[in-house]
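Residue strings, one per chain:
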Amino acid sequence: MAQDTIAILGGTGDQGLGLALRFAKAGRRVVIGSRKSERAVEAAEQVRKQVAQAQVEGLENADAVIGAPIVILSVPFEHTAGTVKALKDKLVAGQIVVSMGVPLATAIGDGAVRTLGVWQGSCAEMVEALVPKGVHVVSAFQNVSAHRLQHLEHPVECDVLVSGPKEPRERVMALCGLVPGLRAVDGGPLANARIVEAITALLIGLNIRYNVSDGVGVRFTGLPQS
Ligand SMILES: NC(=O)c1ccc[n+]([C@@H]2O[C@H](COP(=O)([O-])OP(=O)(O)OC[C@H]3O[C@@H](n4cnc5c(N)ncnc54)[C@H](OP(=O)(O)O)[C@@H]3O)[C@@H](O)[C@H]2O)c1
């Protein structure tokens, strides 16, 4: 596997494209996944327009995961299980799947300021229950705003709680260091994704009450400097 490749499934959407731009700008090879290869190719072109030296390509989701040590799931919560089931035969032991999804109540036609109960505890734990044995699931990036990610000229200014098994968690924490203004915070075991995912609904409510179009982020104080 090319150690530096990051595949982003649903990378044609706001959040995935934002991460693609940031990782490409940092010099990492990015593969944008989509249900339709033409959409993936178009998104890759958008990245190249903004990041001249980008190493980026667009492929169908099932092809995008092949050979990528880190696969970020960037599809709405309600399509997460279907997306993982459709390509799980392509996932191999040792790969890291990053769950970024939030079970917002929009999935059932209710508001984005509330979350739904998920049987497994969180979107990330649902993903963990679906991937083949030996594939590691890490939860991250749920509290980062797509708008801030896409404004390449500005630092993102947000802490990222990263949860999951230790070694893969540390590898995903290292990704945060590639993006100016993002700071990885050790979020412990994957079960803590329940708390992190719920924070996103709170942030959406803050965006509305304070009229913040770029998106509110989180910062933890008192942590030692890493
Ligand atoms: N937007 C934010 O600010 C933000 C912040 C934090 C976390 N997140 C999380 O990040 C994830 C992506 O957010 P987003 O705003 O980028 O979402 P989005 O734009 O609504 O969707 C992302 C991509 O999902 C794919 N998709 C749509 N319907 C699908 C279906 N039925 N089956 C499979 N794939 C489907 C689409 O890709 P193709 O049509 O190309 O396949 C789409 O471009 C979500 O889980 C969200 O909770 C978002």
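Attention here is on the structure that accompanies the text. (Residues numbered from 1 in each chain as written. Predicted model: local features only at pLDDT ≥ 70, side-chain atom pairs only at ≥ 80, totals over all residues. Heavy atoms only, no water.)

## Examining the site of the ligand
Near the ligand you find 20 residues, and of these Thr 12, Ser 34, Arg 35, Arg 39 and Val 75 are the closest. Interatomic distance of 2.6 Å between a side-chain N/O atom of Thr 12 and an oxygen atom of the ligand. Interatomic distance of 3.1 Å between a backbone N/O atom of Asp 14 and an oxygen atom of the ligand. The protein chains hide 76% of the 880 Å² of surface that the ligand would expose on its own. Judged by its atoms lying within 2 Å of the grid points, the ligand is housed in the largest pocket. Counted by class, the shell around the ligand contains 7 nonpolar, 10 polar and 3 charged residues. (Near = heavy atom within 4 Å. Polar contact = N/O pair within 3.5 Å; in protein donor to acceptor, adjacent residues only side chain to side chain. Areas by Shrake-Rupley, 256 points an atom, 1.4 Å probe, with all protein chains shown as cover. 1 Å grid on protein atoms, 1.4 Å probe; cavity = no way out; pocket = protein on both sides within 12 Å on 5 of 7 lines; lining within 4 Å. Sits in = over half its atoms within 2 Å of the grid points. Nonpolar A, V, L, I, M, F, W, Y, C, P; charged D, E, K, R; others polar.)

## Overview of the pattern of salt bridges
Where charged atoms of side chains with opposite charge meet at close range, the side chains can pair. For the coordinates displayed, the defined rule picks out 9 salt bridges. Among the ionic pairs, Arg 29 bridges to Glu 57, the shortest N-O distance being 2.5 Å. Of this pair, Arg 29 sits in the loop between helix 1 (14–25) and strand 2 (30–34) while Glu 57 is found in strand 3 (residues 56–60), placing the two residues 28 residues apart along the sequence. Among the salt bridges present, the one from Arg 194 reaches Glu 125, with a minimum N-O distance of 2.7 Å. Taken together, the residues span a long stretch of sequence, with Arg 194 in helix 8 (residues 193–209) and Glu 125 in helix 5 (residues 123–130) at a distance of 69 residues. For Arg 194, a relative accessible area of 43% gives the class partly exposed. Overlapping salt bridges bring together Glu 157, Asp 159, Arg 183 and Arg 219 as one network. (Salt bridge = Lys/Arg side-chain N within 4 Å of Asp/Glu carboxyl O. Helix = DSSP H or I, 4+ residues; strand = E, 2+ residues; numbered from the N terminus. Buried < 20%, exposed > 50% of the residue type's maximum accessible area, 1.4 Å probe, protein only.)

## A short note on the packing of helix 4 (residues 80–87) against helix 5
Closest axis-to-axis distance for the helix 4/helix 5 pair is 10 Å, and the angle between their directions is 25 degrees. Between helix 4 and helix 5, the interaxial angle falls into the category roughly parallel. Pair helix 4 / helix 5 crosses with right-handed handedness. Contacts between helix 4 and helix 5 involve Thr 80, Ala 81, Val 84 and Lys 85 from the first element and Cys 123, Met 126, Val 127 and Leu 130 from the second. By residue class, the composition of the contact of helix 4 with helix 5 is 6 nonpolar, 1 polar and 1 charged. (Axes fitted to C-alpha atoms, helices over the stretch in contact; angles between N-to-C directions. Parallel < 35°, antiparallel > 145°, perpendicular 65-115°, else oblique. Left-handed = near helix turned anticlockwise from the far one by under 90°. Contact = heavy atoms within 4.5 Å.)

## Notes on the layout of surface pockets
The calculated volume of the largest pocket comes to roughly 960 Å³. The wall of the largest pocket is formed by 40 residues, among which Asp 14, Gln 15, Ser 74, Val 75 and Pro 76 lie closest to the centre. Broken down by secondary-structure element, the contributors of at least two residues to the lining of the largest pocket are helix 1, strand 2, helix 4, helix 6 (146–150) and helix 8. By residue number, the principal contributor to the lining of the largest pocket is helix 8, which donates 4 residues. Residue classes in the lining of the largest pocket are distributed as 13 nonpolar, 22 polar and 5 charged. (Points joined across faces, edges and corners; volume = space filled by probe spheres on them.)

## Let's talk about the sheet that holds strand 2
A sheet is described by the order of its strands in space; here 6 strands give the open sequence 3-2-1-4-5-6, paired in parallel fashion. With one partner strand each, in any of the chains shown, strand 3 and strand 6 (136–139) form the two edges of the open sheet. For this sheet the average axis-to-axis angle between neighbouring strands, irrespective of direction, equals 25 degrees. Bridge analysis of strand 4 (residues 70–73) against strand 5 (residues 96–99) gives 4 bridges, and the strand direction is parallel. Within strand 5, the residue paired with Leu 73 across the bridge is Ser 99. Running over the sheet, helix 2 (residues 37–50) touches strand 2 and strand 3 and is turned about 165 degrees from strand 3. (Pairing = 2+ DSSP bridges.)

## A closer look at the packing of helix 1 against helix 2
At a closest axis distance of 10 Å, the pairing of helix 1 and helix 2 adopts a crossing angle of 45 degrees. It follows from the interaxial angle that helix 1 and helix 2 lie oblique. As for how helix 1 packs across helix 2, the hand of that crossing is right-handed. In this structure, helix 1 contributes Leu 17, Ala 20, Leu 21 and Ala 24 to the contact, and helix 2 contributes Ala 43, Gln 46, Val 47 and Gln 50. The residue inventory of the contact of helix 1 with helix 2, partitioned by class, reads 6 nonpolar, 2 polar and no charged.

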